[in-house]
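Topology and contacts: notes
Below are the chains, spelled out letter by letter.
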Number of protein chains: 2
Amino acid sequence: MTALQITVDVVTVIFSVDPEANRLLVLVCGGELPRLPGLVLAEELSLAEQAYQVLATKVQVEHLYLEQLYTFGGPGRDERETSQRRCLCVAYFALVQYQETVLLLEPQPVQWVPVPQLPVLWGDHAQIVQYGYQRLRNKLEYSPIAFQVLPELFTLGELYQLYTIILGEDFSDYSNFRSRLLKLGFLRDTGQKVCRGAGRPASLYRFDQHAFLPYQDKPMVFI
Amino acid sequence: MTALQITVDVVTVIFSVDPEANRLLVLVCGGELPRLPGLVLAEELSLAEQAYQVLATKVQVEHLYLEQLYTFGGPGRDERETSQRRCLCVAYFALVQYQETVLLLEPQPVQWVPVPQLPVLWGDHAQIVQYGYQRLRNKLEYSPIAFQVLPELFTLGELYQLYTIILGEDFSDYSNFRSRLLKLGFLRDTGQKVCRGAGRPASLYRFDQHAFLPYQDKPMVFI
């Protein structure tokens, strides 16, 4: 056993996509030197419960994806550290649906900031955002994470837009994206059409969780 | 701040592949109720340094792959826990080359055990092994982790065998595996041949790190 005192913060990197402004956003809180939302680990909560509580103190949201990201351990990553105290940060990463997410502005101001224009953040939090951003990009390429934050019915154009905002415009052209995804068979055409802006009515699709099962837990690139 | 006392163990799940016995192995230590090698986090070490030190107290090895796996937090995962004490476990996962790995049998006995015949382990360590095994399988499918533990020159048969031992016999047939990998262009035929057992001499290949660069950090399934 050691006399080392350890503080564990649980921090949640909350990403969202604003489809109208075409922007990937991350939630930060505080004023002059913003930081990621976080709480000191409470004695009775699991890490995932604590991460969820961090999220619940900052936003109200129904649909979300949450998973553990990485544990940042320093030493020297936190100003509270001394020779007898280490501050670890167990980071989680979340993706929430932008339109339905309500920011809780008390007791501390929170705001969405675009990932490409991230301000200077407290401590190593910018590094944690970058790590989360890389994970988000990877997950988008081989997991159905996108469907957890899209509306239940969506057009292929909306799905493509979500991918483009996160991965950049050059990740794939639309017709390639469309044909690869449709071939995999986990998007169901509902038969319904919708008019979004100009152009022909677009088909509404639904993600078929059951048809995705064979791909579950398999690295698979579907874009 | 909280009065909660936190102990952080760093544990390393060390995998290896015994090509002669065709087995995937994991290193455990101790006697009646074996456990994964681990140490309480020391005040001056980073998490990765601590994980490496865990490994270095149990084995001597030159070629290895090491990365952070997951942080297991409970509560209730460790018998040392009380209402005022939590024990977190930051788990790392390593893959080492079997032939060159020397087990350090003092001060505690250590042994390789086949993953499919894992004995009952201390606490949640069996769960940590399973988590690591899943990560190992995934990494094998989209990262060059195999080449870090194969000899510098290897036959495609040896490479296929490594994959088969970890992923199971039905993951792919040999000719499919061979043609997919060769097409990607990061295996270099050295022009040298070797006789291993019966049959025609087999070509020796080398992993070309430079040719792999375009695939780096991209989820990509090459098997």
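Residues numbered from 1 in each chain as written. Chains lettered and ligands numbered in written order. Predicted model: local features only at pLDDT ≥ 70, side-chain atom pairs only at ≥ 80, totals over all residues. Heavy atoms only, no water.

All names here are of chain A. On domain assignment, one finds that chain A holds domain 1 (5-117) and domain 2 (145-215). Here the C-alpha centroids of domain 1 and domain 2 sit 29 Å apart. Contact with domain 1, which involves 13 residues of that partner, is made by nine residues of domain 2. In total, about 930 Å² of surface goes out of reach between domain 1 and domain 2, with carbon and sulfur atoms giving 71% of it. (Domains from an automatic or database assignment. Contact = heavy atoms within 4.5 Å. Buried area = accessible area lost by both parts, 1.4 Å probe.)

Glancing now at the environment of Glu100(B). All names here are of chain B. By the element assignment, glutamate 100 lies in the loop between strand 6 (85-96) and strand 7 (102-103). Of the residues examined, glutamate 100 reaches a relative accessible area of 24% and is grouped as partly exposed. Note: C-alpha distance between glutamate 100 and lysine 183 (83 residues apart in sequence) is 31 Å. When sequence neighbours within four positions are dropped, the list of residues in contact with glutamate 100 reads Gln60, Val61, Glu62 and His63. (Helix = DSSP H or I, 4+ residues; strand = E, 2+ residues; numbered from the N terminus. Buried < 20%, exposed > 50% of the residue type's maximum accessible area, 1.4 Å probe, protein only.)

Attention now goes to the relation of the copies chain B and chain A. For the pair chain B and chain A, the best superposition has an RMSD of 0.0 Å and corresponds to a rotation of 180° with a translation of 0.0 Å parallel to the axis. Here the copies are linked by what is in effect a two-fold axis. Residues of chain B ranked by C-alpha distance from the rotation axis are headed by Ile6(B), positioned 2.8 Å from it. Counting the interface residues of chain B, we find that 100% of their copies in chain A are interface residues as well, pointing to one common contact surface. (Least-squares fit on C-alpha atoms with pLDDT ≥ 70 in both.)

Another aspect to go through is the side chain of Thr71(A). Mapping Thr71(A) onto the fold places it in strand 5 (residues 64-72). Residue Thr71(A) is classed as buried on the basis of its relative accessible area, which comes to 2%. A distance of 2.5 Å separates polar atoms of two side chains, one belonging to Thr71(A) and the other to Thr71(B). Setting aside its immediate chain neighbours within four residues, Thr71(A) contacts Leu88(A), Cys89(A), Val90(A), Leu47(B), Gln68(B), Thr71(B) and Val90(B). (Polar contact = N/O pair within 3.5 Å; in protein donor to acceptor, adjacent residues only side chain to side chain.)

Each partner contributes residues to the interface: chain B has 36 residues there, and chain A has 37 residues. Taken together, the two surfaces of chain B and chain A that pack against each other cover about 2900 Å², and 58% of this comes from carbon and sulfur. Connecting chain B to chain A are zero salt bridges. At the level of elements, strand 1 (5-18), strand 5 (64-72), strand 6 and helix 2 (125-142) of chain B are the ones that each hand at least two residues to the side of chain B that touches chain A. When grouped by side-chain class, the residues that make up the side of chain B that touches chain A number 19 nonpolar, 11 polar and six charged. (Salt bridge = Lys/Arg side-chain N within 4 Å of Asp/Glu carboxyl O. Nonpolar A, V, L, I, M, F, W, Y, C, P; charged D, E, K, R; others polar.)

Glancing now at helix 3 (residues 156-167) of chain A. Residue and element names in this part refer to chain A. For helix 3, which comprises 12 residues, the first-to-last C-alpha distance of 16 Å matches the rise-based estimate of 16 Å (1.5 Å per residue) to within 8%. Judged by how many residues are buried, helix 3 sits mostly within the fold: 10 of 12 residues are covered. What helix 3 keeps buried is the set Leu156, Glu158, Leu159, Tyr160, Leu162, Tyr163, Thr164, Ile165, Ile166 and Leu167. On its buried face, helix 3 sits against strand 1 (5-18), strand 2 (23-29), helix 2 (125-142), helix 4 (174-184), strand 9 (187-194) and strand 10 (202-207). Where helix 3 ends, the next residue or the one after it, glycine 168, has phi of about 95°, a positive value. (Expected span 1.5 Å × (residues − 1).)

Residues and elements named next belong to chain A. This structure, assessed with the given rule, holds 36 aromatic pairs over all chains. On the numbers, 5.3 Å between centres and 55° between planes, the contact of tyrosine 160 with phenylalanine 177 is tilted. In this pair, tyrosine 160 is assigned in helix 3 and phenylalanine 177 in helix 4, connecting sequence segments 17 residues apart. Across this residue pair, the class does not change: tyrosine 160 and phenylalanine 177 are buried. Three or more aromatic residues joined by ring pairs make a cluster, and in this case those are Phe147, Phe154, Phe186, Phe207 and Phe212. (Phe/Tyr/Trp six-rings, centres within 6.5 Å; stacked < 30°, edge-to-face > 60°.)

Residue and element names in this part refer to chain A. Look at the link from glycine 74 to proline 75: it is a cis peptide, with omega at 10°. Its place among the elements puts proline 75 in the loop between strand 5 and strand 6 (85-96). Unusually for a residue other than glycine, asparagine 22 sits at a positive phi of about 55°. Tracing the backbone through its elements, the reader meets asparagine 22 in the loop between strand 1 and strand 2.

Right, let's talk about the side chain of Ser46(A) for a bit. Along the chain, Ser46(A) turns up in the loop between strand 3 (38-40) and helix 1 (47-58). Given the relative accessible area of 17%, Ser46(A) is considered buried. Excluding anything up to four places from it in sequence, Ser46(A) contacts Leu41(A), Gly74(B), Pro75(B) and Arg86(B).

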